[in-house]
Structure formats: C-alpha cells, structure tokens
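Chain residues, written in single-letter form:
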Amino acid sequence: MKDNLKHSNENSLKHVLFGSLIGTTIEFFDFYIYANAAVLVFPQLFFPSTDSTNSVLLSLATFSIAFLSRPLGSAVFGHYGDKISRKTTLVIALLTMGISTVCIGFLPSYASIGITAPLLLMLCRFGQGVGLGGEWGGAVLLAIENAPPNKRAWYGMFPQLGAPIGLLLSGGTFLILTDTLTSEDFLDYGWRIPFIASSLLVVVGFYIRLKITETPAFENAKKEKEEVKIPFFTLLKFYKNQLIFGTFAAITTFLVFYLMTVFTLSWATSDLGYSKRDFLLMQLFSVLFFALFIPVSALFADRIGRRKMLIYATIAIAIFGFAFSFFLNSGSSVLVTLFLCVGMALMGFTYGPLGTFLSELFPTNVRYSGTSLAFNLAGIIGAAFAPMIAIWLATQYSLTYVGFYLSTAACISLFSLLMVSKKEHKF
C-alpha cells in the first residue's frame, strides 16, 4: 500500500513539472516565431517602405507591443490566480496566447488590405502579450509551490526550460521552411505555417493543464482564509519595494536575451554580411548553452541562494558587455559563434533561478500577481524597445555602445539585487 502511494505521488510530481514545462514551451514558441517573423518577414509584408531600415524598425515596434500588454495580463490573470484558481487561470492564459498566434497566420498582407493589415497584426500581438503575461507566473508557481524548500530553484527551472525549447522549435521551424521553400513561396505562405501549426501544441497544452490540480500552498491559503480582496492593491500597499527592486533586478535577463537573438539576427544579416540561414544556425547552436546552464544555475542557486546566484550572473553580464563589439565585429564566424554561446550561457545563469527568486519575494495571497508583474514590467524596461535602441546605438555610434547599454543595465540590476528584501515568505 505504501509503495503504491509513493508511486502515485511520483507520477503526480512528474505531471506537475511536465505541465509547467509544456505550457511555457508552447507560450515561448508562439512568442518567438513572432520575433523571427518580425525580422525576416513582416518588414516586407506589413511595413513596405523604400527604406529597409524603416521597415525593420516599424516591424520591431510591433514586437514591443506584447511587452507593453504583458503587465495587463499579469494584473488580470494574477488577480484571478490569487483569488480563485491557479489552474483555471493557466488554462485561459494558454488559450489567449494560442488563439492570438493562430490568427496571425491567417492575416492578409499590406498589399491586400492596406493599413488594416498592420493594425490587425498589432491587435494579435497585443493578445500574445496578455496571454504570456498571465501564463509565465502561473507556470512558475505551479512548479515552485509543489517543491520542497531545499529544491525550489530546481523545480522552478522546469518552466524556465520552456524558453530555450520554444526558441529551438521556432528557430528550427523557420530554418526548415527557408531551406525547403523558395524565397517567394516562403513570403507568400511558408511563414504562416508555424503560426497555424501552433494550434496543435495548444491543444496538447490545454489537455495537460486541465488535469492539473491546485498547488498545496494555494489550497492552504484558501483554507486559512488568507486571500485578499484585490491582490493588486495589497501588492502596491505592502510589497511596493519588493515589486520595484524585483522588477529592476530582472531587466538585464531580458536585455541580454533580446540582444543575443533579435538584435544580433537583424544586425548580422543586414550589416555584417551573414546569410539568414547561417546566422540562424549559429543562434540555434548557442541556444543549447542557454538550455544547459538553466539547470546548472538552479543547482547552484539551491546551494548558495537564489539572490547570490543572480548577483554573480549579473556581474558576469556587466563584464561581458565590454566585449560585445570585439566579438561581433571580429569578422570570424568562430568568434561570433563563441560570442553567442557565452551570451546564451550567461542568459541561462540568470534565467534559471529568476522565477524562484521573484516568487519568494511575495506571500501566497499575492504571489501570482507580484511574480508576474515584476517579471513582465522588467520585460517592458529591459526588452520592449531593446532591439530598436540597440539598432539605433549601433547605427548612430557603434556596437561598442550596445555593449555599454548592456553593462549599464547590469549595474542597475546589481544595485536592485543588493537592495531587495532578503525575507522569504512561507509556501
């Protein structure tokens, strides 16, 4: 009888961790196929212009819309996730993201319906942001609130792995399509395939999420009547410092990632002479280091502490910023690949324990709202306009200033990590 119970609990644990991983994988796959298309496709189809740089900048501006809408998703889904149900909130967030993504695959181009085309694209991108704003925090809590205290970072890294897996899937899909289709066919219909095909992943994620039960921490808070009337207001009244410093502690995580992906893809293919295929291959190889160092950082974070792990990673990123121009301007594919791998490894070091660190700043009754808002507000500051700012700095000045941009952000994050409360709330 005891053995059967043990086996049942292990299966339940696997289900919880897989449920948190599959959801974020789907969400980030949807998010990143837009990032690839924003560089490779949308400038021509939705923002045609005689100046190619203007087309790219307009396309990247729509990329930023999702970051602006993510805090709205955090506030709305966080409210219901803290008050009513973690499970139901996660399911609805997944559907919001999925439906918005599939709709992009069916949009007509600017040549067909004029200005209405980019407006519809912006609306769908807004929906993607709202969905992801509610998804990430819930997925992290699903894992962390089921974790033993000494393995919280390890459990919390499972939803974080969804980011590199989603990136590999999205980048690999675009690589296969560009290899198997002519440029004309790819621009005509090929780019639509990953957006529409994401509906299959959403169905899988929807099924798995429906089978997940509420977390023990949330159930205990309900039993002890710890819920608050409006979590958002409670958050601002009692946990304002945690929200502010938690947000700025996370901005470097976002900035380093979007500099290593969206900015480098755009700059290397437009100004450094790399083909889109070759650079996508280099980026996909570097993502393996992102995936590898997420669990490595989680293991260290459980031993030395989440905050301390993030401090070390942030210092390393600040130093890395000073080498930005040297590697990317080297003209050597080997050095550029090394640059991407180091950048992605650092991303893994900072991203792995981030969800656990943010969740420990807030008590259960506002944890969904607090964790989600800090993460997604950091996305606005650290990533919403990062590719555009980096392109402007590189064009007006040089790549050296893009590196300074990264190092400055790292110093701000380091200060916030040193200032944030060390108190951990009960789970």
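Worth saying up front: this structure is predicted, and the values here are computed from it rather than measured.

Further remarks concern the overall build of the protein. When helices and strands are tallied, the protein shows 21 helices and zero strands. Taken against the 2.2 N^0.38 rule, which gives 22 Å for 427 residues, the C-alpha radius of gyration of the protein at 21 Å falls within 12% of a compact globule. Along the longest, intermediate and shortest principal axes, the C-alpha atoms of the protein span 65 × 45 × 45 Å. The proportion of buried residues among the 427 residues of the protein is 58%.

The tally for this structure, following the rule as stated, stands at four cavities of 30 Å³ or more. By volume, the largest cavity amounts to about 140 Å³. Taken together, 14 residues line the largest cavity, and the ones lying closest to its centre are Asn36, Leu167, Thr261, Leu280 and Gln283. Counting only elements with at least two residues in the lining of the largest cavity, the list comes to helix H1 (2-40), helix H8 (162-180), helix H13 (240-270) and helix H14 (276-304). Grouping the constituent residues of the lining of the largest cavity by class yields ten nonpolar, four polar and no charged. Of the pockets and cavities examined, the second largest cavity occupies roughly 100 Å³. Top contributing element to the lining of the second largest cavity by residue count: H13, with four residues.

This part takes up helix H15 (residues 306-321). Over its 16 residues, H15 extends 23 Å from the first C-alpha to the last, a length consistent with the 22 Å expected when each residue adds 1.5 Å. Residues Arg306, Met309, Leu310, Ile311, Ala313, Thr314, Ile317, Ala318, Phe320 and Gly321 constitute the buried set of H15.

Bringing the nonpolar core into the picture now. Counting residues in each nonpolar core, the largest one holds 121 residues, and the members touching the most others are Phe42, Tyr258, Phe263, Phe324 and Tyr351. Residue contributions to this core peak at 16 residues, all from H13. When near neighbours in sequence (up to four residues on either side) are disregarded, Phe324 contacts Leu259, Met260, Phe263, Phe339, Leu399, Val402, Gly403 and Leu406.

Let's shift gears to helix H3 (residues 52-83). Given a rise of 1.5 Å per residue, 32 residues ought to cover 46 Å, and the 48 Å separating the end C-alpha atoms of H3 matches this to within 8%. The largest bend in H3 comes to about 30 degrees, at Ser69, with the proline Pro71 one to four residues further on.

Within the fold, Thr182 resides in the loop between H8 and helix H9 (183-190). From its side chain, Thr182 meets the backbone nitrogen of Asp185 in a polar contact 3.1 Å long.

All right, on to the confidence of the model for the protein then. As a general rule, the predicted coordinates of low-pLDDT regions are not to be interpreted in detail. Mean pLDDT over the protein: 86, with 95% of residues reaching 70 or higher. This stretch, residues 1-11, has a pLDDT under 50; its non-local contacts, to residues over four places away or in other chains, come to zero contacts.

Structurally, Thr371 can be placed in helix H19 (residues 364-384). Judged by its relative accessible area of 0%, Thr371 falls in the buried class. Engagement of the side chain of Thr371 in a polar contact is seen with the backbone oxygen of Arg367, the distance being 2.8 Å. For Thr371, the residues in contact, after removing those within four places along its chain, are Trp136, Leu141, Gly355, Leu358, Ser359 and Phe362.

Turning our eyes to something else, we now look at the pattern of salt bridges. This model, assessed by the stated rule, comprises five salt bridges. Arg367 is paired through a salt bridge with Glu145; the nearest N and O atoms lie 2.9 Å apart. With Arg367 in helix H19 and Glu145 in the loop between helix H6 (116-144) and helix H7 (152-160), this pair connects stretches of sequence that are 222 residues apart. Residue classification places Arg367 among the buried residues on the basis of a relative accessible area of 0%. Given the relative accessible area of 5%, Glu145 is considered buried.

Assignment of secondary structure puts Met347 in helix H17 (residues 333-351). Residues Met347 and Leu255, spaced 92 residues apart in sequence, show a C-alpha to C-alpha distance of 9.5 Å. For Met347, the residues in contact, after removing those within four places along its chain, are Thr253, Val256, Phe257 and Phe290.

Before going further, it helps to examine the layout of surface pockets. Approximately 370 Å³ is the volume attributed to the largest pocket. Of the residues contributing to the lining of the largest pocket, the split by class is seven nonpolar, nine polar and two charged. If you add up the space inside the second largest pocket, you get close to 220 Å³. Together, Leu40, Gln44, Thr178, Leu181, Thr182, Ser183, Phe186, Leu187, Lys276, Arg277 and Leu280 line the second largest pocket. Sorting the residues of the lining of the second largest pocket by element identifies H9 and H14 as the ones contributing at least two each. Broken down by class, the residue content of the lining of the second largest pocket amounts to five nonpolar, four polar and two charged.

Rules used in this analysis
- Residues numbered from 1 in each chain as written.
- Predicted model: local features only at pLDDT ≥ 70, side-chain atom pairs only at ≥ 80, totals over all residues.
- Heavy atoms only, no water.
- Helix = DSSP H or I, 4+ residues; strand = E, 2+ residues; numbered from the N terminus.
- Rg over C-alpha atoms; globule rule 2.2 N^0.38 Å.
- Buried < 20%, exposed > 50% of the residue type's maximum accessible area, 1.4 Å probe, protein only.
- 1 Å grid on protein atoms, 1.4 Å probe; cavity = no way out; pocket = protein on both sides within 12 Å on 5 of 7 lines; lining within 4 Å.
- Points joined across faces, edges and corners; volume = space filled by probe spheres on them.
- Nonpolar A, V, L, I, M, F, W, Y, C, P; charged D, E, K, R; others polar.
- Expected span 1.5 Å × (residues − 1).
- Core = buried A, V, L, I, M, F, W, Y, C linked by side-chain atoms within 4.5 Å.
- Contact = heavy atoms within 4.5 Å.
- Bend = angle between axes of the 7 residues up to and from the residue.
- Polar contact = N/O pair within 3.5 Å; in protein donor to acceptor, adjacent residues only side chain to side chain.
- pLDDT = per-residue confidence, 0-100.
- Salt bridge = Lys/Arg side-chain N within 4 Å of Asp/Glu carboxyl O.

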